[in-house]
Amino acid sequence: MEKEKKNGFFIGWAERSITPDKPVYLYGQFYPRISQYVDGPVMATALVIGKGKDYAVMVTCDIATINQGIRERCRTAIREKTPEIDVSKIVLNATHTHSAPGTRGDLLPPEPEGLMTSSEYAEFFIERIADVVDEAWKNKKEGGVSWAYGHAVVGHNRRAVYFDDLGKRQGYSKSMGLIFDGTSKMYGNTNDPMFSHIEGYEDHG
């Protein structure tokens with residue numbers, strides 16, 4: 001029995017608000033939108049799950065994107081705060097909300113006075129991520145998993161796929177974030193004679 005406990009399955013959870021205390025640019029849509037109030041906090045949730053020395057640390061964050069630079073800075077901060085964690089086992093996920101701050105300063109104009117800058121938010125964000133991972137790690141307890149089924153409405157896919165290469169069409173111009181390869185385009189026209197299908201699918205279950 002003691003051996004089973006020692007080598008058993010463990011789970012640790014923690015949650016932190018990553019809501020700024022100042023107005024910010026809201027990322028997404030590629031034009032400046034300034035937050036006016038907080039309808040609901042944006043959060044970071046950390047899950048530590050594993051058995052014995054094999055584990056993973058998964059962190060879900062209510063922001064639009066997590067770039068490689070922010071990921072590595074988060075891992076550095078976690079390594080300094082909780083050195084017993086192997087940071088190569090950390091996965092950072094973004095919910096891709098368009099109602100949260102960003103950590104990049106190259107997508108929108110410079111912030112006007114009174115707004116938290118993207119670099120300031122990045123520092124705030126990284127500190128909170130290190131805190132939530134540390135708490136989840138220290139909260140580890142014996143646990144288990146089982147099958148469950150529920151429903152949660154998720155956003156619809158916005159990328160249209162075509163039979164032809166859009167880059168070879170007359171008047172083609174590449175827009176950041178809108179065209180990722182030759183045959184698909186975000187917000188693409190579905191009333192196009194070469195329209196094939198919407199990329200991906202929706203499953204609310």
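Position numbers for residues count from 1 along each chain, tracking the sequence in the order it is written. It should be noted that, the model being predicted, local features are given only for residues of pLDDT at least 70 and side-chain atom pairs only at 80 or more, the latter also being counted only at that level, while totals for whole chains, interfaces and linings use all residues. As a rule here, side-chain values cover all heavy atoms of the structure and leave hydrogens and water aside.

Enquirer: Any details on the overall build of the protein chain? Residues and values, ideally.
Expert: Along the backbone of the protein chain there are three helices and nine strands. The helix count covers DSSP runs of H or I at least four residues long, the strand count covers runs of E at least two residues long, and both are numbered beginning at the N terminus. When the helices and strands of the protein chain are listed from N to C terminus, the series reads α-β-β-β-α-β-α-β-β-β-β-β. Remark: exposure states derive from per-residue accessible area (1.4 Å probe, protein chains only) relative to the maximum for the residue type, with buried under 20%, exposed over 50%, and partly exposed in between. Buried residues in the protein chain amount to 35% of all 205 residues. Residue pairs in contact within the protein chain that sit at least 24 positions apart in sequence constitute 76% of those at least 6 positions apart. For accessible areas, the Shrake-Rupley method is used with a probe of radius 1.4 Å. Any residue's cover is judged against the shown protein chains and nothing else. On the protein chain, roughly 13,100 Å² of surface is accessible, and the fraction owed to carbon and sulfur atoms is 52%. Residues scored as positive are Lys and Arg, those scored as negative are Asp and Glu, and His as well as the terminal groups of each chain are ignored. Charged side chains are reduced to one point each, which is NZ for Lys, CZ for Arg, CG for Asp and CD for Glu. The positive charge centre, built from 25 side chains, and the negative charge centre, built from 28, are 5 Å apart in the protein chain. The contact rule is simple, with two residues in contact once any of their heavy atoms fall within 4.5 Å.

Enquirer: Account for the sheet that holds strand β5 (residues 141-142), with residues named and values stated.
Expert: Within a sheet, neighbouring strands are paired by backbone hydrogen bonds and run either parallel or antiparallel to one another. The five strands lie next to each other as β4-β3-β2-β1-β5, forming an open sheet whose pairing is mixed. Only two strands of the sheet have a single partner each, and these edge strands are β4 (90-94) and β5. One ladder, built from five bridges, connects strand β3 (residues 54-61) with β4; its direction is parallel. The partner of Val59 across the bridge, within β4, is Leu92. Angles here are taken between N-to-C directions and fall from 0 to 180 degrees, while the axes themselves are lines fitted to C-alpha atoms, restricted in helices to the stretch in contact. Where helix α3 (residues 118-138) meets the sheet, it contacts β1 (9-17), β2 (43-51), β3 and β4, and its direction lies at approximately 150° from that of β1. In short, DSSP must find at least two bridges between two strands for them to pair.

Enquirer: Residue-level account of the nonpolar core, with values.
Expert: As used in this record, nonpolar core signifies buried Ala, Val, Leu, Ile, Met, Phe, Trp, Tyr and Cys residues forming a set joined through side-chain atoms within 4.5 Å. Counting 35 residues, the largest nonpolar core has Val59, Phe125, Ile129 and Val133 as its most contacted members. Taken together, the elements giving at least two residues each to this core come down to β1, β2, β3, α2 (68-81), β4 and α3. Per-element accounting of this core gives the leading share, eleven residues, to α3. When near neighbours in sequence (up to four residues on either side) are disregarded, Val59 contacts Thr45, Ala46, Val91, Leu92, Asn93, Ile129, Val132 and Val133. With five residues, the next largest nonpolar core counts Tyr25, Tyr27, Ala64 and Leu108 among its residues.

Enquirer: Explain the packing of α2 against α3 to me, and be specific about the residues and the numbers.
Expert: Where α2 contacts α3, the two axes come as close as 9 Å, and the packing angle between them is 45°. Of the possible angle classes, the one that applies to α2 and α3 is oblique. As α2 runs across α3, the sense of the crossing is right-handed. Facing Ile70, Arg73, Cys74, Ala77, Ile78 and Lys81 of α2, the residues of α3 in contact are Ala122, Glu123, Phe125, Ile126, Ile129, Ala130, Asp131, Val133 and Asp134. Residue type decides the class: Asp, Glu, Lys and Arg count as charged, Ala, Val, Leu, Ile, Met, Phe, Trp, Tyr, Cys and Pro as nonpolar, and the leftover types, Gly among them, as polar. Here the residues of the contact of α2 with α3 sort into ten nonpolar, no polar and five charged. Any angle from 65 to 115 degrees is called roughly perpendicular, while one under 35 is roughly parallel, one over 145 is roughly antiparallel, and all others are oblique. By convention, the crossing between two helices is left-handed when the near helix turns anticlockwise from the far helix through less than a right angle, and right-handed when the turn is clockwise.

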